Amino acid sequence: MENNGQFMRLALELAKRGEGFVEPNPMVGCVLVKNGKIIGKGFHTKFGKAHAEVEAIRDAYCRYGKDVTVGSTCYVTLEPCSHYGKTPPCTSALQSFGIKRLVVAMRDPNPVVNGQGLKILRNAGLEITEHVLEEEARLLNAPYLTLLEKHRPWIIAKWAMTLDGRLASRTGNSQWISGEESRKIVHRLRSRMDAVMIGSQTALRDNPDLTVRFDTVAPRIPIRIVLDSNAAMTSEYRLVQTARQIPVLLVVRSDAPSKQIEILQNAGCEILPIPSENTEHNYQRRTEILMEYLAQRKITNLFVEGGKQLFGTLFDMQLIDEVHVFIAPKLIGGQSAYPAVGGNGLNEMEKAWKLESPEIQIVEQDVYIHGRIHY
């Protein structure tokens, strides 16, 4: 009997290689096995390109010839698609190449699939085994599942802070808290995101460009989002100056100055007006509206880089899914210096939100901590 777990684990490792390239599609890996031997491997390499099952069949064909797949077992991390999209349905490919048995980690909750692929293949006579390493598969594709099930992006918070928990000095100076190697990691993270978001104070104080640098090979160019309620950005800022080259979305209050909005639009910025009632409840509602809008645009991974008010709101609403924090061995002090996270926070330490299986690394002199949040 074949080792389902062993081959599925390999398929999951293959799937991970599509991270940053396949979104808003899920990451999917596939392994073809015959008589206990791997005959083909594949993964979904890029949005719009062939799916993992087809890549694995091609690999087997190139290695051993066209008939090798007849009677084989297909291990795949997600239910095969059964519809025509940018590519033909994988269910047809599996049938055409004589796959006898299908082992699946999890069903695809996408409404156009959601059990239909498995039903078609069962009716075609394939033996089907489900739920093999399903938890691992769900963890791998948590951003995809969040987009489908919660109708919002997977939200990743990143910040660099001093040892005493400051993002910037009392004058707003923050360059540079972390070292160059830490900043390279940030750019690698940015390079696989759909969008990067900051608050207006961070935009006005730091004048960032939020691009991918350090010669990073970028799977995608993220949209740059600024929560600029009063449309305060001007042509002096790098984000506005580069808006025609790299997309910029400014989220403004619906009563922001129309003349200023016109100037920003003429500079190439996209404007998203959101209702303007200035209450805490409405501020959270505006955040919900923004998340719904980003989900409609298929923004799967949203990278949030501050500052304290934005982090505070997202944490209070329990919307942050993952954090990446760089702690520098520096002290700056000052009651009016900028803390990492604002908002209401929690009343009791025992209720503190924790990271699940956090990873801790030393990067030059910085401590780099990252992991997913458990609320």
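Everything below is about the structure shown above.
Here is what the cut-offs are and how they apply
Residues numbered from 1 in each chain as written. Predicted model: local features only at pLDDT ≥ 70, side-chain atom pairs only at ≥ 80, totals over all residues. Heavy atoms only, no water. Buried < 20%, exposed > 50% of the residue type's maximum accessible area, 1.4 Å probe, protein only. Helix = DSSP H or I, 4+ residues; strand = E, 2+ residues; numbered from the N terminus. Pairing = 2+ DSSP bridges. Core = buried A, V, L, I, M, F, W, Y, C linked by side-chain atoms within 4.5 Å. Salt bridge = Lys/Arg side-chain N within 4 Å of Asp/Glu carboxyl O. Axes fitted to C-alpha atoms, helices over the stretch in contact; angles between N-to-C directions. Contact = heavy atoms within 4.5 Å.

(A) Representation of the pairing of strand S13 (residues 322–327). Summarising burial for S13: 6 of the 6 residues are buried, a large majority. Residues Glu-322, His-324 and Phe-326 of S13 are buried on one face, and the alternating residues Val-323, Val-325 and Ile-327, pointing to the opposite face, are buried as well. The pairing of strand S6 (residues 154–161) with S13 spans 6 bridges and is parallel. By the bridge assignment for S13, Lys-158 is matched with His-324. Two elements, S13 and strand S16 (residues 366–374), share 6 bridges in a ladder whose sense is antiparallel. The partner of Glu-322 across the bridge, within S16, is Arg-372.

(B) Representation of the nonpolar core in the model. In terms of nonpolar packing, the biggest core is built from 42 residues, with Met-8, Leu-32, Cys-74 and Leu-102 touching the most fellow members. Looking at this core, the element that brings in the most residues is helix H1 (residues 4–16), giving 6 residues.

(C) Spatial organisation of the pattern of salt bridges. Tallied over the entire structure, the rule returns 19 salt bridges. For Glu-19, the salt bridge goes to Arg-192, with nearest N and O atoms at 3.4 Å. Of the two residues, Glu-19 is situated in the loop between H1 and strand S1 (29–34) and Arg-192 in the loop between helix H7 (180–190) and strand S8 (195–199); the sequence distance between them amounts to 173 residues. For Glu-19, a relative accessible area of 22% translates into the label partly exposed.

(D) Quick peek at unusual backbone geometry. Cis peptide bonds are those with omega within 30 degrees of zero, and the linkage from Glu-23 to Pro-24 qualifies with 10°. As for its position among the elements, Pro-24 is in the loop between H1 and S1. At the junction of Gln-175 and Trp-176, the peptide bond is cis and its omega measures out at -5° in the coordinates. Within the fold, Trp-176 resides in the loop between strand S7 (166–168) and H7.

(E) Structural context of helix H6 (residues 142–149). For H6, the buried fraction is high: 6 of the 8 residues fall into the buried class. Burial in H6 covers these residues: Ala-142, Pro-143, Tyr-144, Leu-145, Thr-146 and Leu-147. Where H6 terminates, the next one or two residues include His-151, which has phi positive at roughly 55°.

(F) Region of interest: the sheet that holds strand S4 (residues 101–104). A sheet is described by the order of its strands in space; here 5 strands give the open sequence S2-S1-S3-S4-S5, paired in mixed fashion. Either end of the sheet is taken by a strand with one partner, and the two such strands are strand S2 (37–43) and strand S5 (127–129). Taking the axes of each pair of neighbouring strands and ignoring which way they run, one obtains an average angle of 15° across the sheet. In this fold H1 packs onto S1, S2, strand S3 (73–76), S4 and S5, with an angle of close to 145° to the strand it touches most, S1.

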